[in-house]
Every structure is written in structure tokens, then in C-alpha cells.
Amino acid sequence: MDTGQQGTASDIAVRFAHTSVNELFPTLIWIADLAPETFNPLNQALIARLDTMTGPRVQSYRGETFQTEQDFYHVPECAPLIHAIHQVALGALNQLAIEAREMVFTAMWANINPPGAKHSVHSHPNNYFSGIYYIQCDARANVTRFFDPREQAEVMMPPRKQQNLYNGNRIELEGKPGRLVLFPAWLKHDVPTNLSERERITLAYNLMFPHFTETMSMPLWEGGKHKDARAPKAKR
């Protein structure tokens, strides 16, 4: 007899022919850890160079950060690191299927964060990639935080059983000496307060396409037809 009542979800038998979950517009971050036999002498040489460049680093106030000029990629001690960054960047371009086989440094500088220092939220305009290389970072001073670029994603934040990559709006990336990180230059990030007893020392860098306006900035259409008219399809 039909009572007019609707069945609960557990009462209704449904068969699916197929299901899928699609990741749309993912934000990629590339991580490469140098081998100890590479990063140990490299980091020692970089710290020695920084000590020579800056002299004694005495804070005028707690929380002060020291930064070098932005042409640190010219420092001879950086040669192995420059080579490694180029390798990672070219691998990223290949994964993204970008029609480019060369990138140039627009800037590289050292960030020296004594205990109590931090970096506020920021991005790196006018570049395609940015990145970090960790020289010295103890526990409680080794985190870089990346923030969800979808501004409206935090409009509704229901309770979560456990935070993960799919339901959070901030991801903490753990650094360690010899770790190289590459990410989109537009991705906002910050560095929490150094709560350790030693300086946190990293190199930040920016990469861009050489001769961008001459070779890559033309319209994506010709003859009335859009080159990307057939957008990638979601998995089925």
C-alpha cells in the first residue's frame, strides 16, 4: 500500500554506471630536495658569503628581517643552485605543456629571519614562477604557508572531520636545508614568526620568460579562430 511517505536514502536502491571526481584548475607546487653531498657544501658556502656580505647582523628591533640585494643569482657560490632551479623549472614547463624551453632570473635575494622575525602575506608580481631555497631552518622556523587563490572559497567553511588539500584554505609546507620549492608567482604565501633559537636563512627567486613580449604575448587567435577553442574536457 502506498502511504505517500518518501523513503530514506538507505531505503532506495540506486545503481551507478560510472562515477568520477575531477580536479579543475589545480595549483601545482614543485618540490625538489638536493642530495646531502650537494646541499651541505653549497649551504656552507652560501652562509659564508652572506656573513661576508652583511657583517654582524644586529637587530635594531625584535622581528627585524635582513635581506640582500636582488641580484644574488650572480654570486659564484650559487652556480650549483642556479643549475638545479633551471632543471626544476624546465620540468615544470614540460608538465604544464608550455611552449617555452628557457627561463631567466629576474631576481634572487636572501631572507634572513632572526628569532621573532616573519614575512607577511605577499605574492611576486610580473613573474611566471617564484620559489624558495632553504639554507638554514630549525624546527619552529621551517614553515611556509600558501593560501587558497580562490577568494570566495572561504565564504562557507563547514566543520571538517579532518583538514586536507580539498577542504582547507591554507596549506603549510615544511622546509628543510637543501629543499627547493617552485610555485606560481601569483600564489600568495607568508612565513610565520621564527620561534626557534637560530636564524632562518632562505633564498627567494623569481623566473620569467625571456623576450616575453616579442615571442609569447601575441593574441591566442588568428583568422577569426581561437587557438584554444577546444578546451580540455573533464574525465568521464
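Presented here is a report on the structure given in the accompanying data block. None of these values were measured; they are calculated from a predicted model. (Residues numbered from 1 in each chain as written. Predicted model: local features only at pLDDT ≥ 70, side-chain atom pairs only at ≥ 80, totals over all residues. Heavy atoms only, no water.)

## Looking at the overall build of the chain
A tally of regular secondary structure across the chain gives 3 helices and 12 strands. Its C-alpha atoms give the chain a radius of gyration of 23 Å, more than 25% over the compact-globule value 18 Å for 236 residues. Within the chain, the fraction of its 236 residues that count as buried is 34%. Partitioning the contacts of the chain with sequence separation of at least 6, the portion at a separation of at least 24 is 85%. Carbon together with sulfur atoms contributes 53% to the accessible area of the chain, which is approximately 16200 Å² in total. Of the side chains in the chain, 23 bear a positive and 24 a negative charge, and the two mean positions are spaced by 6 Å. (Helix = DSSP H or I, 4+ residues; strand = E, 2+ residues; numbered from the N terminus. Rg over C-alpha atoms; globule rule 2.2 N^0.38 Å. Buried < 20%, exposed > 50% of the residue type's maximum accessible area, 1.4 Å probe, protein only. Contact = heavy atoms within 4.5 Å. Areas by Shrake-Rupley, 256 points an atom, 1.4 Å probe, with all protein chains shown as cover. Lys, Arg positive; Asp, Glu negative; His and termini not counted. Charge placed at Lys NZ, Arg CZ, Asp CG, Glu CD.)

## A look at the pairing of strand β8 (residues 179–184)
Of all the 6 residues making up β8, 6 are buried; the element is thus mostly covered by neighbouring parts of the structure. Bridge count for strand β1 (residues 30–33) against β8 is 4 bridges, and the pairing is antiparallel. Within the sheet, the bridge partner assigned to D33 lies in β8 and is R179. Direction of pairing for strand β5 (residues 129–136) relative to β8: antiparallel, over a ladder of 5 bridges. (Pairing = 2+ DSSP bridges.)

## Quick word on a nonpolar patch on the surface
A cluster of nonpolar side chains, I12, V14 and F16, forms an exposed patch at the surface whose accessible area comes to about 350 Å². Of note, F16 is situated in the segment before β1. Taking relative accessible area as the criterion, F16 reaches 65% and is therefore assigned exposed. (Patch = residues over 30% accessible without salt bridge, like charges linked within 9 Å, V, L, I, M, F, W, Y side chains within 5 Å. Salt bridge = Lys/Arg side-chain N within 4 Å of Asp/Glu carboxyl O.)

## Section: helix α2 (residues 79–95)
For an α-helix, 3.6 residues make a turn, and residues three or four places apart therefore share a direction. For α2, spanning 17 residues, the distance from its first C-alpha to its last is 25 Å, which sits close to the expected 24 Å at 1.5 Å a residue. Looking at α2, one finds that the buried residues are L81, I82, A84, I85, V88, A89, A92 and L93. Against the buried residues of α2 lie β1, α1 (36–54), β3 (104–113), β5, β8 and β10 (200–208). Just past α2, the residue A97 takes up positive phi, approximately 60°. (Expected span 1.5 Å × (residues − 1).)

## A short note on α1
For α1, which comprises 19 residues, the first-to-last C-alpha distance of 26 Å matches the rise-based estimate of 27 Å (1.5 Å per residue) to within 8%. Residues of α1 that are buried include every one of F39, L42, N43, L46 and L50, and no others. All buried residues of α1 fall inside an arc of 100° around its axis, so they share one side. Turned more than 90 degrees away from the buried face of α1 sit E37, Q44 and T52, all of them exposed. For α1, the elements touching its buried residues are α2, β3, β5 and β10. Phi turns positive one or two residues past the end of α1, at G55, with a value near 70°. (Arc of directions from axis to C-beta.)

## Side note on the pairing of β3
Judged by how many residues are buried, β3 sits mostly within the fold: 8 of 10 residues are covered. Bridging between strand β2 (residues 66–67) and β3 involves 2 bridges; their strand directions are antiparallel. The partner of F66 across the bridge, within β3, is I112. Bridge analysis of β3 against β10 gives 9 bridges, and the strand direction is antiparallel. Following the sheet pairing, A107 is matched in β10 by N206.

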